[in-house]
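The lines below spell out each chain.
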Amino acid sequence: MVFESIVADLLNKYVGDYVENLDKSQLKIGIWGGDVVLNNLELKNTALDDLDLPIKVVAGHIGKLTLKIPWKNLYTEPVVATIDSVYALAVPNSSLKYEAEKEEKAKQEKKQKKLRQVEEAKEAEKNKESPKEGKKDTFAEKLATQVVKNLQVVISRIHVRYEDDTKDHDHPFAVGITLQQLAFQTTDQNWKPCIVKEAVTEIFKLVNLQSLALYWNSNTESFRKYIDNGEFNKAMEKTIFTLSHQVPFQYLIKPVSSKLQLRLNTKPEKSNFSIPKVLTNLVMEEIAVELRKSQYDDILEMLESFERMVLADKYRKFEPPDRKSNKRFKLWWQFAYTCILEKTVRRRRNMWSWERIKFHREICKKYKEAYFKKLSHKKIGNDVQSILEVCENQLDVFNIAVTRQQAEIQVKIQGAKKEKEKEEQSKKGWFGRFMGGSSSKKSKQKGIDEQFEEAMTTEEKQKLYDAIGYQESISDPSLPKQYVAHKFHFMLKNLLFTLKDDKKCKEQQIVKFQLQNFSAAIGQRPSADAVSVDAKMDSLAVLGLSHNGVTPQLVASQNIEANQRYALINFGLETNPLNSDASTAVKLSSMPVQIIYDAVTVNHVVEFLQPPETVFLKQLTENAMKKLDELKQKSAAGLQFALEQRKFTDLQVDLKPSYLIVPETGFYTKNQRILLVDFGNLKIRTEKVDLKTSSLVGKTSLEQLSEKSYDKFNINLESFQVLYADKGENWQEARQKSDTSQHVLKPYAINIQVKKCMVDDSRLPKLKINGELPLLSLSLSDRRIVQLIELGVSIPLPDVSSPAKDRSVIGVDLVTDESEVLTDLASITDGGPERKKKPVHQESFQEQVNETDIELNFLLKEFNVNVSHHIGNKDVPLMKVMVRSLGAEVLVKTFDMSVDAHLGGIYLQHNQFKVLHQGPLVNIINTPVSDDTKEKLLSFSYLKADKEGPEFSTTYGNIEQKVTVNFSTLEVLFHQEALLSIIEFIQALKLDELLDGDKIEKKSSDTVEKSSETTKDDKAKPRKSTDGVVDILIEAELDSFKLGICTEERFLAEAKIKGLKAKVVVDKEKTSIGASLEDVVIFDPFEKSFYPKILSVDGEEVFRLDVKVFNNATEGDNYNDMSCVDTSVEFCSSCVKFVFLNRFVMDLLAFVDNFQAAKDKLAEAGAQAIESSKEIAQHLYNKAPRVVLGVSIKAPVVIVPQNSRSSNVIMADLGHIQLVNSFTKEITKNDVGMSAVMDNMNISLTDVQLTRAILNPKQEIVADCLLLEPVNIQLSVTRNLSPSWYHGKSEVDISGTLDLVKVTILHSIK
């Protein structure tokens, strides 16, 4: 009777969920009789709801379900289960008529199923906390072994099909799974079927799989027509693939047949633990996967259809019943109105109404009381059960689960009180115990051994124990640590994956992946709680699209060395390994792979992957990203648990150098120009940390102890290189060398060390990454550059059409409350769910620690680019570019992120010219910083602070983003001959001819248009900021910049700029820009010149500029406030002395004349700048912003000597320029009440004079006389800022005064 009850419960539980109108009483009677035969069962339309897809079963059939149980000879006769002819046809929900009663029933069933999942998850959490029994060979295990010994299961003729024509009625598609047979049989040791009647220690099982296939038929017929005429079962059966009956379907996975051998060892101790308890061997000959273009498009359309159906599911009940009515347009508009009204307007109003809130609270309270009674009593009345059902129909899963949790807590509190009362009564003696009575305990779910214990007599139990080989009193022996109890072997001889294009041409193969001899072995050692996985793959090949009668091989394995074949990939994973103290050992190694780029194949693959124009998958993509984030969180939680346990992983990765060949024209043939990229040898090793510190007590510093808190991973990439091989050159030999003429990028090595902190200490960074690249060297010549460009241009690119514009759905979320609640409630246990991270403002002061999450350091010690000029058959060195000490440090903390980067120096050296013939080689760009100093050419720092951080206003000064740039000293030398040779070198490349200029200009114009559109969009969006918070602060400083101009014969000029500073501050109210220049000097290097300084500054600084641009400062009520302006500009400059030497100027003009092309480019750029300035001026004129000016300029002093050696000069002092303005408003107003605004500007030019003087060698005036006495000019300019509607004053009104002009022509110098 025990067996019968268990089997009946299992069948009712699992079969009843899928079969319509199952007679459970008749099923139980059949089980007791030992023979259950169910014919012609109908599947429920919710049979596929476990897939969580918007589909329903419209026709489902189980031809025969047979279960034969020989109760009288259960231990010697076989138990046979047979399932035959299972057919199911599913269609989209949207294609079915909405039936409110069925939909409500399915909704409640789905809710109850999710509630069961929540309860099972809670029960699983409790079982994790309870200790497991150490006994291995239990009664249940022995019983299961005995049942499995003669269990035979046969599943035949399975066909499940899904059809969809909602997207395109003229182009329906169908996807389905077919299975001919799956048989599970008992065999002898030779794998021949038999029946085991006696007690044996080893059981052999054979699982035979025949013709399992997955098909996808595009533009196919519908099977729904066979439902009405009674031919459905026949049609489904005829389309099942068998070896004798092949069906012409378009198979995604071609029919697969295989055999699985299972060997069970019930007494491993008899073989001295040399044979596993469970040994499984699965060998598969071939798995062939084919994907056609039509199938790929259908898959995307199906996903998009699922997305639309999920979105529209909640509105299905409002759809018009007659979609083909003449009034369908009116009905659909009524449908849209009803959807918004019911699901948005009324739902929100009802949700926040006091009546709804009160009703919700009352029903939750009623449900909690009823559920409390259910937990407190073994049996409950019909009234309580009725309350539970009514409340569960009205509440959602989340509220039901929360209310149940509250009731469970109350039950525990009540149980604790009763236990306490019982203890108090026990202290009163036997009378108290007698009066207290006995407390009934809550019955728990009993195991199978407990059920047998209660239901069977002693004689029946002993008979059963003898039959299954179980002894009740004997203790189970412990398994050896090295014993592998479970072992699984898998072998796949051939795996094929093919892409075919069936739209352009018939069944054209685009690409074919072929994987051969993949094998895996999985073992488990229970006593050590260890699992091992060993896998290998012999070869991998990828064939491309055939063209010109040749099928290119894109990927080829290079796994033969010294006439011996090795596995292409070897992978090993073992937890708790025997020969290591690591918790996990991982090994991965691979042999090289040759990859050849084939343009025709790649272009066709890109075109193949282009989605149809009618497919929009934005919401589905967002949902997938959300699921990915959840997976990341779960993975992070698991990793965090492993880290807390301080487990060491022994990781060993060795990937031999694979390489990529990019041939000219995109099609590889022998004796052809190629570009070869060698990916180098990648090695990853873990470095074990010695945690023993007992011998270092008293000597170990805090830094040493901190270093022991990290697990270290060393990543080394060696021999990464790039080569270019011309026709006939041996690139295989050059690849093995370090420096040849074929090398574009010489082999380099990079070292990266990753450190993961294993200690929870806020002072230590959680992750450290240190990388170092000693040298990166490029070698290029004009011939090589041309060849590389020609190679790149010769490769055809895919013709990719612009993707269709994405559409957005407002107010729709794919993730329903029911799907989210499982994640939140699966962890509901006695302690409650894990507490999520609180917002910053809710945390206590102790929790607000600015911990360092990531610390990244990278250093490129030296980067060289050697450029040569190909003359004859040789490469003559032309110039060399060298960058030294390029590094960066990145810190990611809880409340901020900082980036510190530096550049030690940059050099551009010309190898064919020397300074003044006999000096050193010409350094066109030079950094005068020695290698020993810590001073860097360029320092860059970026800091982004969290506005919600506790120290935002103190430590960061309310600055959200801060950028600081420091430029030390840079020297630039314009050597005439060197620059001309570089220009000739560039012109000789003829880049305009090699590249398609029209395309480049088109791309650039498109980019400009997109950027302008983006800028407009960005400007349209108001910037969100907090009062007093600086959005971004930029500070830049240039210490000094030196510029020299020379020829091979002599120096012409030298200039020096010092102390250039700039500052930009952006906040909510305004944008402030400040700039200043400390000093600028131009020298004349002519030794006999009386005037060594051509240009100098008389003052503390050259200029100072302050610009403030206010946001919406004159909008609204501020328009009539004349103190409110749009822009404020303040500028002041010191006096600049300029000495005009005709020789100096003519030398510079002669120098510039040699660069005619550069002059033309400058002239073109100047013209474009003028046009842009005109457009900007016109725009400003039309907009008429208020710009307040405060300009004070000490005009230059021009000194014109008699000659470069004479002290007699004429000095022209251009005076002092001042410009200020203010705004006034007129009485006249326009139609909207806005007054006309006038801009009143005053311009003064004072102390303009002309002097004849004699200077001493210090450039001081010895004697002078005025030729033009000081002249003053005053101008007054009034601008009408409202010219479009106010005509009372002219647009511009200019008036001025000029004082007396007195010129002295004849006068002697005193």
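Residues numbered from 1 in each chain as written. Predicted model: local features only at pLDDT ≥ 70, side-chain atom pairs only at ≥ 80, totals over all residues. Heavy atoms only, no water.

Trainee: Describe in detail the overall build of the protein, supporting the description with residues and values.
Mentor: Counting secondary structure elements, the protein contains 25 helices and 42 strands. Every one of the 1310 residues in the protein was classed for burial, and the buried ones make up 36%. A separation of at least 24 residues holds for 70% of the contacts in the protein among residues at least 6 apart in sequence. (Helix = DSSP H or I, 4+ residues; strand = E, 2+ residues; numbered from the N terminus. Buried < 20%, exposed > 50% of the residue type's maximum accessible area, 1.4 Å probe, protein only. Contact = heavy atoms within 4.5 Å.)

Trainee: Tell me about helix H21 (residues 976-989), and name the residues and values.
Mentor: Taking 1.5 Å of rise per residue, the 14 residues of H21 would be expected to cover 20 Å, and the 20 Å separating its terminal C-alpha atoms lies within 8% of that figure. Of all the positions in H21, only Gln 976, Glu 977, Ala 978, Leu 979, Ser 981, Ile 982, Phe 985 and Leu 989 are classed as buried. Where H21 ends, the next residue or the one after it, Lys 990, has phi of about 55 degrees, a positive value. (Expected span 1.5 Å × (residues − 1).)

Trainee: Describe in detail the environment of Thr 498, supporting the description with residues and values.
Mentor: You can see Thr 498 is positioned in strand E9 (residues 486-501). The spatial distance from the C-alpha of Thr 498 to the C-alpha of Leu 252 is 9.6 Å, given a sequence separation of 246 residues. For Thr 498, the contacting residues outside a window of four places in its chain are Val 289, Glu 290, Leu 291, Gln 509, Val 511 and Lys 512.

Trainee: Which residues make up the pattern of salt bridges, and what values go with them?
Mentor: Considering all chains together, one arrives at 40 salt bridges under this definition. Residues Arg 404 and Glu 392 are paired through a salt bridge, measuring 3.0 Å at the closest nitrogen-oxygen approach. Placement of the pair is Arg 404 in helix H11 (residues 397-426) and Glu 392 in helix H10 (residues 382-394), with a sequence separation of twelve residues. One exposure class covers both Arg 404 and Glu 392, and it is buried. Notably, a salt bridge pairs Asp 1239 with Arg 1279, separated by 3.0 Å at the nearest N-O pair. Note that Asp 1239 is positioned in strand E40 (residues 1235-1255) and Arg 1279 in strand E41 (residues 1261-1280), a separation of 40 residues in sequence. The class for Asp 1239 is buried, based on a relative accessible area of 2%. Take Arg 1279: its relative accessible area is 27%, and that puts it in the partly exposed class. Salt bridges linked by common partners bring Glu 119, Lys 122, Glu 392, Arg 404 and Glu 408 together as one network. (Salt bridge = Lys/Arg side-chain N within 4 Å of Asp/Glu carboxyl O.)

Trainee: Which residues make up the pairing of strand E18 (residues 649-655), and what values do they have?
Mentor: Two strands pair when backbone bridges link them, and strand E16 (residues 584-590) and E18 are joined in this way by seven bridges, in the parallel orientation. If you follow Ser 589 over to E18, its bridge partner there is Asp 654. Across four bridges, E18 lies against strand E21 (residues 681-687) in antiparallel orientation. Counterpart to Val 653 in the pairing with E21 is Ile 684. (Pairing = 2+ DSSP bridges.)

Trainee: Can you break down the confidence of the model for the protein residue by residue, with the values?
Mentor: Averaged over the protein, the pLDDT score is 82; the fraction of residues at 70 or greater is 80%. Counting contacts from residues 693-700, a segment whose pLDDT is below 50, to residues more than four positions away or on other chains yields five contacts. Of the regions scoring below 50 in pLDDT, residues 804-846 engages in 62 contacts with residues more than four places distant in sequence or in other chains. (pLDDT = per-residue confidence, 0-100.)

Trainee: Describe helix H24 (residues 1142-1153), naming the residues involved and giving the relevant values.
Mentor: Here H24 contains twelve residues, and its C-alpha end-to-end distance of 16 Å stays within 8% of the 16 Å for a straight helix at 1.5 Å per residue. Of all the positions in H24, only Phe 1144, Asp 1147 and Phe 1151 are classed as buried. The buried residues of H24 occupy one face: seen down the axis, they fall within an arc of 65 degrees. Of the surrounding secondary structure, the elements contacted by the buried residues of H24 are strand E30 (959-975), H21, strand E31 (1030-1046), strand E32 (1051-1067), strand E33 (1070-1083) and strand E34 (1093-1110). (Arc of directions from axis to C-beta.)

Trainee: Tell me what's going on with the packing of aromatic side chains, and back it up with residues and numbers.
Mentor: Under the criterion given, the structure shown has 21 aromatic pairs. Seen in terms of ring centroids, Tyr 296 and Phe 608 are 5.4 Å apart; in terms of plane orientation they differ by 35 degrees. Their pairing is tilted. You can see Tyr 296 sitting in helix H7 (residues 293-312) and its partner Phe 608 sitting in helix H15 (residues 599-608), a full 312 residues away along the chain. What makes Tyr 296 buried here is its relative accessible area of 16%. Exposure remark for Phe 608: the relative accessible area of 2% places this residue in the buried category. A connected cluster of aromatic rings, assembled from ring pairs, spans Tyr 215, Phe 241, Phe 249 and Tyr 251. Against the face of Phe 223 rests Arg 161, its NZ or CZ located 3.9 Å from the ring centre. (Phe/Tyr/Trp six-rings, centres within 6.5 Å; stacked < 30°, edge-to-face > 60°. Lys NZ or Arg CZ within 6 Å of the ring centre and 35° of its normal.)

Trainee: I'd like to hear about the pairing of strand E36 (residues 1187-1194), residue by residue, with values.
Mentor: The sheet contact formed by strand E35 (residues 1127-1139) and E36 spans seven bridges and is parallel. In the sheet register, Ser 1133 faces E36, and the bridge partner there is Ile 1193. Inspection of the sheet shows E36 paired to strand E39 (residues 1216-1229) by five bridges, in the antiparallel sense. Each residue of the ladder has a partner; that of Ser 1192, found in E39, is Gln 1218.

Trainee: Tell me about unusual backbone geometry, and name the residues and values.
Mentor: Of note in the backbone geometry, Trp 191 takes a positive phi value of approximately 60 degrees without being a glycine. Summarising the element assignment, Trp 191 is placed in the loop between strand E5 (173-187) and strand E6 (202-218). Given a relative accessible area of 24%, Trp 191 falls into the partly exposed group.

Trainee: Could you give an account of the side chain of Asp 598, with specific residues and numbers?
Mentor: By secondary structure assignment, the location of Asp 598 is in the loop between strand E17 (593-596) and H15. Asp 598 gets classed as buried once you look at its relative accessible area, which sits at 2%. Apart from residues lying up to four places away in sequence, Asp 598 is in contact with His 547, Pro 552, Leu 554, Gly 666 and Phe 667.

Trainee: Any chance you could break down a negative patch on the surface for me, citing the residues and the numbers?
Mentor: Together, Asp 17, Glu 20, Glu 42 and Glu 109 make up a region of like negative charge exposed at the surface. Tracing the sequence through the fold places Glu 109 in helix H3 (residues 100-129). (Patch = residues over 30% accessible without salt bridge, like charges linked within 9 Å, V, L, I, M, F, W, Y side chains within 5 Å. Areas by Shrake-Rupley, 256 points an atom, 1.4 Å probe, with all protein chains shown as cover. Lys, Arg positive; Asp, Glu negative; His and termini not counted. Charge placed at Lys NZ, Arg CZ, Asp CG, Glu CD.)

Trainee: Describe the environment of Lys 105, naming the residues involved and giving the relevant values.
Mentor: Within the secondary structure layout, Lys 105 lies in helix H3. With 288 residues separating them along the chain, Lys 105 and Asn 393 place their C-alpha atoms 9.8 Å apart.

Trainee: Would you mind going over a nonpolar patch on the surface in detail, with residue names and values included?
Mentor: There is a patch of nonpolar side chains on the surface, built from Ile 1273, Leu 1275, Val 1292, Ile 1294, Leu 1298, Val 1301, Val 1303 and Ile 1305 and spanning about 740 Å² of accessible area. When contributions to the nonpolar patch are tallied by element, the ones reaching two or more residues are E41 and strand E42 (1292-1298). Here the nonpolar patch takes three residues from E42, the largest share from any one element. With respect to the helices, strands and loops of the structure, Val 1292 is situated in strand E42. Judged by relative accessible area, Val 1292 falls into the partly exposed class, the value being 44%.

Trainee: Account for the side chain of Arg 735, with residues named and values stated.
Mentor: Positionally, Arg 735 belongs in helix H18 (residues 731-735). Classification of Arg 735 as buried rests on a relative accessible area of 15%. Here Pro 657 takes part through its backbone oxygen, which lies 3.1 Å from a polar atom of the side chain of Arg 735. Ignoring sequence-local partners within four residues, the contact set of Arg 735 consists of Pro 657, Tyr 659, Leu 676, Asp 678, Gln 721 and Leu 723. (Polar contact = N/O pair within 3.5 Å; in protein donor to acceptor, adjacent residues only side chain to side chain.)

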